[in-house]
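Survey of secondary and tertiary structure
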Amino acid sequence: AQSVTQLGSHVSVSEGALVLLRCNYSSSVPPYLFWYVQYPNQGLQLLLKYTSAATLVKGINGFEAEFKKSETSFHLTKPSAHMSDAAEYFCAVSDQGGKLIFGQGTELSVKP
Amino acid sequence: DSGVTQTPKHLITATGQRVTLRCSPRSGDLSVYWYQQSLDQGLQFLIQYYNGEERAKGNILERFSAQQFPDLHSELNLSSLELGDSALYFCASSVGLAKNIQYFGAGTRLSVL
């Protein structure tokens, strides 16, 4: 069975600092991996996805993630945090049928 | 705007009642997914339809049912509601399956009193 673990339910960074949100997955088949962001009172918006092409994936708003098979990880990074990045971030793995299995989410706070 | 429309945005009802949540997918998307988001369970997959047929089921209670109509819109029916059913219910749609991007609606917030 596939699963996702997000390390850290809450991450706080200063504006301009590096953002690192951790995600580890478990999958018996080559995974499709996604990062979604949820702003308060809104639905989920796709940041980026990995579908077995390049291991370094660039997404929207300056975010990127690197797929590391040996570490079963798909961590999300952004070089410089903005106040507008404050939101909840979800890592997800998709099975062959398409349903998404989500991690528990990481709430990102950005301090001025 | 994701292009996925969910109605209503908010629903307040009492225990034992039945409600219907509606989802209109993006134009051209054949696959519809329903997810439940709650504080204790997080985001959980409920059920998936593809071109009118049920494709996959997750941790969906027997009191819950769904369908996808010929025009591809979908409805999630929740009956004999309990306090614990209070949650945010999301619909998502995609063109196909597997690695296709799922686009999420804004959700329906259900409060069972």
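Scroll up to find the structure this text is about.
So, here is what we can say about the structure in this document. The structure presented is a predicted model; accordingly, all values stated were derived computationally and were not measured.

**A look at the packing of aromatic side chains**
Scanning all chains against the criterion turns up 15 aromatic pairs over all chains. Relative to F102 of chain A, the ring of F90 of chain A has its centre 6.1 Å away and its plane inclined at 85°; by these criteria the two rings are edge-to-face. Pair noted here: F90 of chain A is in strand 9 (residues 87-94) and F102 of chain A is in strand 10 (residues 100-102), with a separation of twelve residues, a long-range link. When sorted by exposure, F90 of chain A lands in the same class as F102 of chain A, which is buried. Seen in terms of ring centroids, F102 of chain A and F104 of chain B are 6.2 Å apart; in terms of plane orientation they differ by 70°. Their pairing is edge-to-face. Remark: F104 of chain B occurs in strand 10 (residues 103-104) and F102 of chain A occurs in strand 10; the pair is interchain, linking two chains. Classification of F104 of chain B as buried rests on a relative accessible area of 3%. One aromatic cluster in this structure is built from F34, Y36, F90 and F102 of chain A together with Y33, Y35, F45, F90 and F104 of chain B. Taking the ring centre of Y103 of chain B as reference, the NZ or CZ of R26 of chain B above it sits at 3.8 Å.

**Focus: the sheet that holds strand 7 (residues 64-68) of chain A**
Residues and elements named next belong to chain A. The antiparallel open sheet is built from five strands, whose spatial order is 1-3-8-7-6. Each edge of the sheet is formed by a strand with only one pairing partner; in this case those strands are strand 1 (3-7) and strand 6 (56-58). In this sheet, adjacent strand axes meet at a mean angle of 20° when their direction is disregarded.

Cut-offs and rules
- Residues numbered from 1 in each chain as written.
- Chains lettered and ligands numbered in written order.
- Predicted model: local features only at pLDDT ≥ 70, side-chain atom pairs only at ≥ 80, totals over all residues.
- Heavy atoms only, no water.
- Phe/Tyr/Trp six-rings, centres within 6.5 Å; stacked < 30°, edge-to-face > 60°.
- Helix = DSSP H or I, 4+ residues; strand = E, 2+ residues; numbered from the N terminus.
- Buried < 20%, exposed > 50% of the residue type's maximum accessible area, 1.4 Å probe, protein only.
- Lys NZ or Arg CZ within 6 Å of the ring centre and 35° of its normal.
- Pairing = 2+ DSSP bridges.
- Axes fitted to C-alpha atoms, helices over the stretch in contact; angles between N-to-C directions.

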